[in-house]
Amino acid sequence: MDKFELKIIRQHWIKDDGLDDKADLCSHGTVFVQIGNEILSSENDSFWCTSAAALLLMRTVFNDYAIGDFESQLIPCCGHFMYSNESGDSVVIGGCNCGIDWNVLHKDNAVQLSTLNTNVTVTIDEYKTAIMDFVNDVELFYGNPNEKIVTPDGFTESGFALFWKNWKELKDRLMLSNEYLW
């Protein structure tokens with residue numbers, strides 16, 4: 001099998017002043033991503049929205065993903081604009097057009113990861129473990145989302161609530177079952 005490495009090098013809030021910013025709804029950080037021999041992000045790159053990335057990556061454990069499917073990148077630069085999809089059951093995370101993206105295709109008990117330059121296959125267990133480690137690192141840094149200061153405008157509140165509802169549902173599925181939907 002080929003190599004897939006995903007890890008958070010350092011996390012912070014947008015102000016990056018060492019303080020816990022209760023008004024910042026997104027965690028950020030420097031991320032290392034390697035698919036095969038291709039390094040998509042390292043300690044030398046900009047920081048990314050780790051909380052949005054964790055949610056989007058969890059989705060790819062259960063579903064195939066083509067670049068752009070989630071109206072964002074798998075590891076977006078920003079994720080401050082959260083709103084409901086048309087059916088109301090899934091959060092859409094909007095931001096700028098910068099980020100890290102690759103394709104995810106499930107085949108048998110493996111996951112094929114591809115970019116314009118690389119195509120590798122890893123076991124579903126390797127993929128799931130990398131995603132869960134990333135998610136757990138984000139949760140450890142982020143803390144309790146109920147302690148965040150959310151703008152009481154209805155729109156921000158509903159997007160934030162749906163984000164964490166989706167998060168919990170996906171993480172519960174990842175932890176409690178070996179169910180894969182391909």
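The structure displayed is predicted, hence computed values, not measured ones.

The rules behind the values
- Residues numbered from 1 in each chain as written.
- Predicted model: local features only at pLDDT ≥ 70, side-chain atom pairs only at ≥ 80, totals over all residues.
- Heavy atoms only, no water.
- Helix = DSSP H or I, 4+ residues; strand = E, 2+ residues; numbered from the N terminus.
- Rg over C-alpha atoms; globule rule 2.2 N^0.38 Å.
- Expected span 1.5 Å × (residues − 1).
- Buried < 20%, exposed > 50% of the residue type's maximum accessible area, 1.4 Å probe, protein only.
- Contact = heavy atoms within 4.5 Å.

Draft legend 1. Representation of the overall build of the protein chain in the model. Looking only at helices and strands, the protein chain has three helices and eleven strands in total. Each helix (α) and strand (β) of the protein chain, taken in turn from the N terminus, gives the series β-β-β-β-α-β-β-β-β-β-β-β-α-α. Here the C-alpha atoms of the protein chain give a radius of gyration of 16 Å, agreeing with the 16 Å that 2.2 N^0.38 yields for 182 residues. Dimensions of the protein chain, computed from the C-alpha atoms along their principal axes, are close to 45 × 40 × 30 Å.

Draft legend 2. Broad picture of helix H2 (residues 124-142). Taking 1.5 Å per residue as the helical rise, H2 with its 19 residues ought to reach 27 Å, and the 27 Å between its terminal C-alpha atoms agrees with that figure. Of all the residues in H2, the buried ones are Ile-124, Tyr-127, Lys-128, Ala-130, Ile-131, Met-132, Phe-134, Val-135, Val-138 and Tyr-142. Positive backbone phi, approximately 80°, marks Gly-143, located one or two places after H2.

Draft legend 3. Representation of the side chain of Thr-50. Of note, Thr-50 is situated in helix H1 (residues 50-62). Exposure remark for Thr-50: the relative accessible area of 0% places this residue in the buried category. Ignoring any residue separated from it by four or fewer positions in sequence, one finds Thr-50 in contact with Ile-8, Gln-11, Ser-27, His-28, Gly-29, Val-31, Phe-134 and Val-138.

Draft legend 4. Representation of unusual backbone geometry within the structure. For Asp-16, which is not glycine, the phi dihedral falls at a positive 50°. Tracing the backbone through its elements, the reader meets Asp-16 in the loop between strand S1 (4-12) and strand S2 (28-35). Owing to a relative accessible area of 37%, Asp-16 belongs among the partly exposed residues under this scheme. Even without glycine at this site, Asp-108 takes up a positive phi of about 55°.

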